[in-house]
Amino acid sequence: MAVGYRSIFSLRDSQDTARLTAEQFRSWLALKGYGFVAVAPGVHEVAEHAQLVVTELHPQDGSRSLRYRLTESSSAGEWATTVTVHSNDREDDWIWVDVNAPPSTPGPAASHERLVKDADVAGAWWTGVPHMVRVILSAADAHDGEMIMSARPILVTAADVDGLISAICDPGRRGNALVAAPVPDVPVPQMMGHVERLTRECVGLAGIYVLDTEAAAKLEESFAPSHSVPLGAVRTFLPGADPASAVDARRHRVLLARTIAEQAPGELAHLLGRAYRSRALNLPLPSHVVRVDRLLSREEPAAVLRAIQETPPDPFARRPGDGAAGLAPAGQAATAAVRELAIAGELLTSLVSEFQSGRADVPGGPDDMTARFRELLAEGRGVLRGHREISRRLAALQDMLEDVEDDRDLVRARLEDEQLDHAETQAELLKAKLELDRLRGILSRAGRVDQTRAGAAAAQSPGSFAELLERLDEHVLACIIFTGDPKNALELDDFDPLGTWAAKSWDVLRVLDGYAAARRRGELSKGVHAYLGHTPPGRPGYPPGAHSAQESEPVERSPKLRKLRVFPVPRDIHPDGAIFMGAHFKIARKGLVSPRIYYHDDASQTGKIYVGYIGKHLPNAHTN
């Protein structure tokens, strides 16, 4: 089976998530014709072809985790719907829904249209949005980070635009944010209905927003042209959008009005649904979800084994291979071997009872009975050893699976970061080459080629952070004062064997030095971000999208996170000898390492830039 649909969303803490999910799950089972089914922990036969396994955990931290796994057999294969719920008094509850579909193996008579309609990109049968997901999102106040999750599109007015921008730029959300711009002269209700038809297969996978005319105009004013949503178009924003970066705009695909008009709504809905499923299934699970999943994944096989031992089949009614009656396989634990061991154990128990009862009708008398008992005792010991070995192998396989999942998620994150970094580098390289050709022509005509070469040599990039720190100690950059802990910067050399990050960091420091010099000479009166957007001729520049003038609001509000960004400065700058530094540059994207440079701009007073931190990405509201 392959996962064909995955949705993860949170509910506000005022809602009883476990109760709501249990009610909707029971209603969904009734809609499927299974009638009343208990949803208490254990193994439940809900139909001849369907089995429900319910697993529950109550860790010592006061949280509660609950998992429903419904496995159904059909002519196409086996389907498994897994609903995981986690409640915690300290944070919002969350729900995770997975639907595993059987492999798609259409016969030779299947048409191309049937293949496109029914088989997804992973080779499994197409999985629609589960009815239960639609119902929960209709009844609950759900969200994904700062993005609202709903079963129907959300109308955005001018007053709602700031919230929408926060959701679009939120790096903590998992799903896509789909934003539809209005079509001129089309009434809002009609537009809402049209977008709902187009996005019906995206429910649970995205936040779906429809702009009214005023909201569209306000969003246009707030965003750069590269990140705008043209009239009549639908744009998909991936998490952590950066409207200041033109390269970042490549991540956020646009369906233009003409494309939408030329395709049938059903085909377009299926196209969007496939794309959104593909992305959701290729994302690593959030760390807090992984922790709960692994606890439940270890508990579920144990629960199934207990269920088999507590209610084994009648050994005298049938042999292990006589048919499919009794408990069906569940999850990864209830294998055929486990079933056979349980049946053998029950047979042993029954025969031992027979021996202890002293029945005299056993052929051969007491001597044969004694020999038989010894054989059964040896068999019983083998059963126990087999049971322990299967439990041990299940635990080992779970360990191996978790390690493989961690490695896979790390590789995926690195690939995404490297792809975006490469695109940004290519764009900047092209601009630099064009500018270099232009300047070479000017300098060649002026006869100043030798001076240009000398300047280039002085600006040569360091090969490591150790070399970068040496240059700062030597005050190669007259306006830059490094006050931070060198250890944080030196740690980056372990992740940067080719010196790429050190070179980019040096470029950033040169830009800050150039900015401070420009302020001192009166070439501009605004801050670093204005300098990056309109770099004076002859001064070093850098992409504005790599710079943040301040920290995010959650970091600003958190005393714990603010404290991590308080760095040393001279006491004539601040009496405490330290100051909060929110302004920073993003050097590269590489998971939790992603190096940063934090600084304090004092160019308008002392003419200096105080760099308080060069090192790994500092913790924020989305990291532990």
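Residues numbered from 1 in each chain as written. Predicted model: local features only at pLDDT ≥ 70, side-chain atom pairs only at ≥ 80, totals over all residues. Heavy atoms only, no water.

Overview of the pattern of salt bridges
Just so we agree on the cut-off: The salt bridge definition used is simple: a Lys or Arg side-chain nitrogen within 4 Å of an Asp or Glu carboxyl oxygen. Counting from the N terminus, the helices are DSSP H or I runs at least four residues long and the strands are E runs at least two residues long.
In this structure the tally under the stated criterion is 14 salt bridges. In this structure, Arg-152 and Glu-196 form a salt bridge, with 3.0 Å as the shortest nitrogen-oxygen distance. Here Glu-196 lies in helix α5 (residues 188-198) and Arg-152 lies in the loop between β8 (147-149) and β9 (154-156), a separation of 44 residues in the sequence. Among the charged side chains, a network of salt bridges with common partners joins Asp-16, Arg-19 and Glu-23.

Considerations on the confidence of the model for the chain
The predicted coordinates of low-pLDDT regions are not to be read in fine detail. Where we set the bar: Each residue carries a pLDDT value, the predictor's own confidence for that position, ranging from 0 to 100. Between two residues, a contact is recorded if the distance between any of their heavy atoms is within 4.5 Å.
With 71% of its residues at a pLDDT of at least 70, the chain reaches an overall mean of 79. Counted against residues more than four places away or in other chains, residues 106-122, with its pLDDT under 50, gives 20 contacts. The model gives residues 312-336 a pLDDT under 50, and that stretch makes 44 contacts with residues more than four places away or in other chains.

A closer look at the sheet that holds strand β1 (residues 2-11)
Keep this limit in mind: Pairing between two strands is assigned when DSSP locates at least 2 bridges connecting them. An axis is simply a line fitted to the C-alpha atoms; with a helix, the fit covers only the stretch in contact. Between two such axes, the angle follows the N-to-C directions and lies from 0 to 180 degrees.
Taken together, 8 strands build an open sheet; the order of strands is β2-β3-β4-β5-β6-β1-β7-β8 and the sheet is antiparallel. The open sheet terminates on both sides in strands that have one partner only, identified here as β2 (42-47) and β8. Sheet twist, expressed as the mean angle between neighbouring strand axes with direction ignored, is 25°. Pairing of strand β7 (residues 142-144) with β8, which is carried by 3 bridges, proceeds in the antiparallel orientation. When the sheet's bridge partners are listed, His-143 is paired in β8 with Ile-148. Sheet contacts for helix α3 (residues 131-139): β1, β5 (77-88), β6 (91-101), β7 and β8; angle to β1, the most-contacted strand, approximately 15°.

Observations concerning the pairing of strand β10 (residues 176-180)
Keep this limit in mind: Relative accessibility under 20% of the residue-type maximum defines a buried residue, over 50% an exposed one, and the middle range a partly exposed one, all with a 1.4 Å probe and only protein chains included. With the strands pointing away from the viewer, any crossover whose connection runs clockwise from the first strand over the helix to the second is right-handed.
Counting buried positions along β10 yields 5 of 5 residues, so the element is predominantly enclosed. Residues of β10 alternate between two faces, with Asn-176, Leu-178 and Ala-180 on one and Ala-177 and Val-179 on the opposite face, all of them buried. Pairing of β10 with strand β11 (residues 206-211) involves 5 bridges; the strand directions are parallel. Each residue of the ladder has a partner; that of Val-179, found in β11, is Tyr-209. Of the crossover connections in this fold, the one passing from β10 over α5 to the parallel β11 is right-handed.

Let's talk about the sheet that holds strand β20 (residues 608-615)
With mixed pairing, 5 strands are arranged side by side in an open sheet as β14-β20-β19-β18-β15. Of all the strands in the sheet, the pair left with one neighbour each is β14 (480-482) and β15 (547-548). Here strand β19 (residues 596-602) runs beside β20; their pairing, made up of 7 bridges, is antiparallel. When the sheet's bridge partners are listed, Asp-602 is paired in β20 with Lys-608. Running over the sheet, helix α15 (residues 500-520) touches β14, β18 (584-586), β19 and β20 and is turned about 10° from β19.

Some remarks on the nonpolar core
Definition in use: In this text, buried Ala, Val, Leu, Ile, Met, Phe, Trp, Tyr and Cys residues form a nonpolar core when linked through side-chain atoms within 4.5 Å.
Core analysis: the largest hydrophobic core is formed by 70 residues, its most contacted members being Phe-9, Phe-25, Tyr-68 and Leu-70. With residues up to four places along the chain from it excluded, the contact list for Tyr-68 reads Thr-21, Ala-22, Phe-25, Val-39, Leu-52, Val-53, Val-54, Thr-81, Thr-82 and Val-83. If you look at the next biggest cluster of nonpolar residues, it comprises 37 residues, including Phe-465, Trp-501, Leu-512 and Ala-516.

Details of the pairing of β19
For β19, a buried count of 6 out of 7 residues is recorded, marking the element as mostly surrounded by other parts of the structure. Sheet topology places β18 next to β19; 3 bridges connect them, and they run antiparallel. For Phe-585, the partnering residue across the bridge sits in β19 and is Ile-597.

Topic: the environment of Ser-27
Mapped onto the secondary structure, Ser-27 falls in helix α1 (residues 17-31). Under the relative-accessibility criterion, Ser-27 is labelled partly exposed at 39%. Separated by 105 residues in the primary sequence, Ser-27 and Met-132 place their C-alpha atoms 8.5 Å from one another.

Description of the packing of aromatic side chains
Each aromatic ring pair is described using two quantities: the centre-to-centre distance and the angle formed by the ring planes. Our working rule: Here a Phe, Tyr or Trp ring, Trp counted by its six-membered ring, pairs with any other such ring whose centre lies within 6.5 Å, and the pair is stacked when the planes are under 30 degrees apart, edge-to-face when over 60, and tilted otherwise.
A complete count under the given rule lists 9 aromatic pairs for this structure. Seen in terms of ring centroids, Phe-25 and Tyr-68 are 4.7 Å apart; in terms of plane orientation they differ by 20°. Their pairing is stacked. Of this pair, Phe-25 sits in helix α1 while Tyr-68 sits in strand β4 (residues 64-74); the two residues are 43 residues apart in sequence, bridging distant segments of the chain. Tyr-68 shares its class with Phe-25; the two are buried. Their ring planes at 70° and their centres at 6.1 Å tell us that Tyr-598 and Tyr-613 sit as a pair that is edge-to-face. You can see Tyr-598 sitting in strand β19 and its partner Tyr-613 sitting in strand β20, a full 15 residues away along the chain. The exposure class assigned to Tyr-613 is buried, which follows from its relative accessible area of 8%. Three or more aromatic residues joined by ring pairs make a cluster, and in this case those are Phe-25, Trp-28 and Tyr-68.

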